[in-house]
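Chain residues, written in single-letter form:
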Amino acid sequence: MNRIDGAEELPLEVSVGEVKALLEQSDPVFLVDCREPNEHDYCQIEGACLIPMNETPQRLSELEPYRDKRLVVHCHHGGRSLQVTQWLRAQGFAQVQNMSGGIDAWSLEVDPEIPRY
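Keep in mind that what you see is a predicted model, and the values were worked out from it rather than measured.

Scanning the protein chain from terminus to terminus reveals 5 helices and 7 strands. Of the regular secondary structure in the protein chain, the N- to C-terminal order runs β-β-β-α-β-α-β-α-β-α-β-α. Taken against the 2.2 N^0.38 rule, which gives 13 Å for 117 residues, the C-alpha radius of gyration of the protein chain at 13 Å falls within 12% of a compact globule. The principal-axis extent of the C-alpha atoms belonging to the protein chain is close to 40 × 30 × 25 Å. Buried positions account for 40% of the 117 residues belonging to the protein chain.

Spelled out as structure tokens, the structure:
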């Protein structure tokens, strides 16, 4: 792994199982849902902060407190969140990762109570 400012460079993507473990830690990861509000209304991961993909640039200030902390972005299947993750890394958020498979994989592998769509 490469190092950034003395810290391990994290892989671009993280599995839903790894995210579940990170959320259970005493200092949990900050989870960002970049789906649209109607998708979030239908189902969500408890504690995730909704910042739709198209609002991310205007709402970047909301993420500033987490600039040097671990962030995980998710969407439905992982495509939009990968784009947001790459954009945030370009803005200097070195600890941001994409949740591979999105909330659909979360429903299949972690919490079957989350409805699929």
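This brings us to the packing of aromatic side chains. If you walk through the whole model with that rule in mind, you get 2 aromatic pairs. When the ring of Phe 30 is compared with that of Tyr 66, the centres are 3.8 Å apart and the planes differ by 10°; the resulting orientation is stacked. Of this pair, Phe 30 sits in strand S4 (residues 30–33) while Tyr 66 is found in the loop between helix H3 (60–63) and strand S6 (71–74), placing the two residues 36 residues apart along the sequence. With relative accessibility at 17%, the residue Phe 30 sits in the buried group. The exposure class of Tyr 66 is partly exposed, given its relative accessible area of 25%. Cation over ring: Arg 67 sits above Phe 93, and NZ or CZ is 4.3 Å from the ring centre.

Another point: the sheet that holds S4. Ordered by their spatial adjacency, 5 strands build an open sheet running S3-S7-S6-S4-S5, and the pairing between neighbours is parallel. With partners counted over all chains shown, the strands left at the sheet margins are strand S3 (13–14) and strand S5 (49–50), one partner each. Lying over the sheet, helix H4 (residues 79–90) contacts S3, S6 and strand S7 (96–99), oriented at roughly 175° with respect to S7.

This part is about the pattern of salt bridges. A complete count under the given rule lists 7 salt bridges for this structure. The salt bridge partner of Glu 55 is Arg 59, with a shortest N-O separation of 2.9 Å. Measuring nitrogen to oxygen at the nearest pair gives 2.7 Å for the salt bridge that ties Asp 104 to Arg 116. A residue pair is termed long-range when its members are at least 10 positions apart, and Asp 104 in helix H5 (residues 102–109) and Arg 116 in the segment after H5 qualify at 12 residues.

What counts and how
Residues numbered from 1 in each chain as written. Predicted model: local features only at pLDDT ≥ 70, side-chain atom pairs only at ≥ 80, totals over all residues. Heavy atoms only, no water. Helix = DSSP H or I, 4+ residues; strand = E, 2+ residues; numbered from the N terminus. Rg over C-alpha atoms; globule rule 2.2 N^0.38 Å. Buried < 20%, exposed > 50% of the residue type's maximum accessible area, 1.4 Å probe, protein only. Phe/Tyr/Trp six-rings, centres within 6.5 Å; stacked < 30°, edge-to-face > 60°. Lys NZ or Arg CZ within 6 Å of the ring centre and 35° of its normal. Pairing = 2+ DSSP bridges. Contact = heavy atoms within 4.5 Å. Axes fitted to C-alpha atoms, helices over the stretch in contact; angles between N-to-C directions. Salt bridge = Lys/Arg side-chain N within 4 Å of Asp/Glu carboxyl O.

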